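A closer look at the structure
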Amino acid sequence: MRNTILVVMLFFFNNLRAQTPVKYEAVVEVPCGKEGDIFSSARKWFSESFKDSKMVLDINDKESGELSGNFTIPFSSNIHWGSDCTKGFIHANISIYIKEGKYKYEIKNFNHDASSNSCNYSFGVITDDKECPVDIKSQNKKWENKVWKELQARSESAAENLISSLNASMQNTNNNDW
């Protein structure tokens, strides 16, 4: 009996996966940057970067030094078989925290939603798993893994573009000379 319980427990724990949601974050120094100037630059970057109506700035608090919002990335798979069923959006959050001389960005909570489709193959939370942790009914694992890698790559590309754009914009924080 004891051996049976041990085997069941080992099987159970062996099948658990450590799914870590994809997240991008860093603290960036802004030499001689005043908190108010950094906040203004970050706020300007938000307004220039997210003109889409699906982007909502939820927190715009100069006193606490926080800007946070949601954004969407259109997603359409390049894998032809079953791609219509995955067409939808990747939703995510972005936050910027400002302090004197630095800011921190966090881009997280990437979530694939294909609920606007009749077949609705939503993959949900995008994690760092090498293989797709979601079991999409009526599909094979090889196809799921290809779409999963595509979702991860699209999320990473969007985050890298946002980070590059933010960092470039924030370098101009101290350029108030006319």
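Refer to the structure presented above.
In this report, the structure presented in the accompanying data block is examined. (Residues numbered from 1 in each chain as written. Predicted model: local features only at pLDDT ≥ 70, side-chain atom pairs only at ≥ 80, totals over all residues. Heavy atoms only, no water.)

Some points on the overall build of the chain
The condition that has to hold: Counting from the N terminus, the helices are DSSP H or I runs at least four residues long and the strands are E runs at least two residues long. Working definition: with a 1.4 Å probe on protein chains only, accessible area under 20% of the residue-type maximum means buried, over 50% means exposed, and in between means partly exposed. Computed with a 1.4 Å probe, the accessible areas rest on the Shrake-Rupley method; for each residue, only the protein chains presented here act as cover.
Counting its regular elements, the chain contains three helices and six strands. Across the chain, helices and strands are ordered from the amino to the carboxyl terminus as α-β-α-β-β-β-β-β-α. Taking all 178 residues of the chain together, 38% fall into the buried category. Carbon together with sulfur atoms contributes 52% to the accessible area of the chain, which is approximately 11000 Å² in total.

A word on the side chain of Ser41
Put simply, the rule reads: What makes two residues a contact is simply this: any of their non-hydrogen atoms within 4.5 Å.
In this structure, Ser41 sits in helix 2 (residues 35-49). For Ser41, a relative accessible area of 14% translates into the label buried. Apart from residues no more than four positions distant in its own chain, Ser41 is found in contact with Ser169, Met170 and Thr173.

A short note on the pairing of strand 4 (residues 88-99)
Just so we agree on the cut-off: Strand pairing is assigned whenever DSSP identifies at least 2 bridges connecting the two strands.
Pairing geometry for strand 3 (residues 66-75) and strand 4, over 10 bridges, is antiparallel. Directly across from Glu66, in strand 4, lies its bridge partner Tyr97. Direction of pairing for strand 4 relative to strand 5 (residues 102-113): antiparallel, over a ladder of 10 bridges. Bridging across to strand 5, Tyr97 finds its partner in Lys104.

A few points about the pattern of salt bridges
Think of it this way: side chains of opposite charge can pair up when their charged atoms draw near. Put simply, the rule reads: Note on definitions: salt bridges are taken to be side-chain nitrogens of Lys or Arg within 4 Å of carboxyl oxygens of Asp or Glu.
Inspection of the entire model under this criterion finds seven salt bridges. A salt bridge links Glu48 to Lys44; its shortest N-O distance comes to 4.0 Å. A residue pair is termed a helical-turn pair when its members lie 3 or 4 positions apart in one helix, as Glu48 and Lys44 do in helix 2 at four residues. When salt bridges that share partners are traced, they join Lys23, Glu25, Lys104, Glu106 and Lys108 into one network.

A short note on the environment of Ile38
Inspection of the secondary structure assignment puts Ile38 in helix 2. Overall, Ile38 belongs to the buried group, its relative accessible area being 0%. The contact partners of Ile38, leaving out residues within four places of it in the chain, are Val30, Gly33, Ile98, Lys99, Gly101, Lys102, Tyr103, Met170 and Thr173.

What about helix 3 (residues 141-170)?
Put simply, the rule is: To estimate the expected span of a helix, count its residues, drop one, and scale the result by 1.5 Å. What qualifies as a polar contact is a pair of N or O atoms within 3.5 Å, subject to a donor-acceptor requirement within protein and to the restriction that residues adjacent in sequence count only when both atoms come from side chains.
Between its first and last C-alpha, helix 3 extends 43 Å over 30 residues, near the 44 Å set by a 1.5 Å rise per residue. A side-chain oxygen of the first residue of helix 3 lies 3.2 Å from the backbone nitrogen of Lys142; this N-cap is Asn140.

What about the pairing of strand 2 (residues 56-61)?
When strand 2 meets strand 3, the two strands line up antiparallel, connected through five bridges. The residue of strand 3 that forms the bridge with Leu57 is Gly69. In this structure, the hairpin formed by strand 2 and strand 3 is closed by a connection of four residues, where Gly65 is found at a positive phi of approximately 75°.

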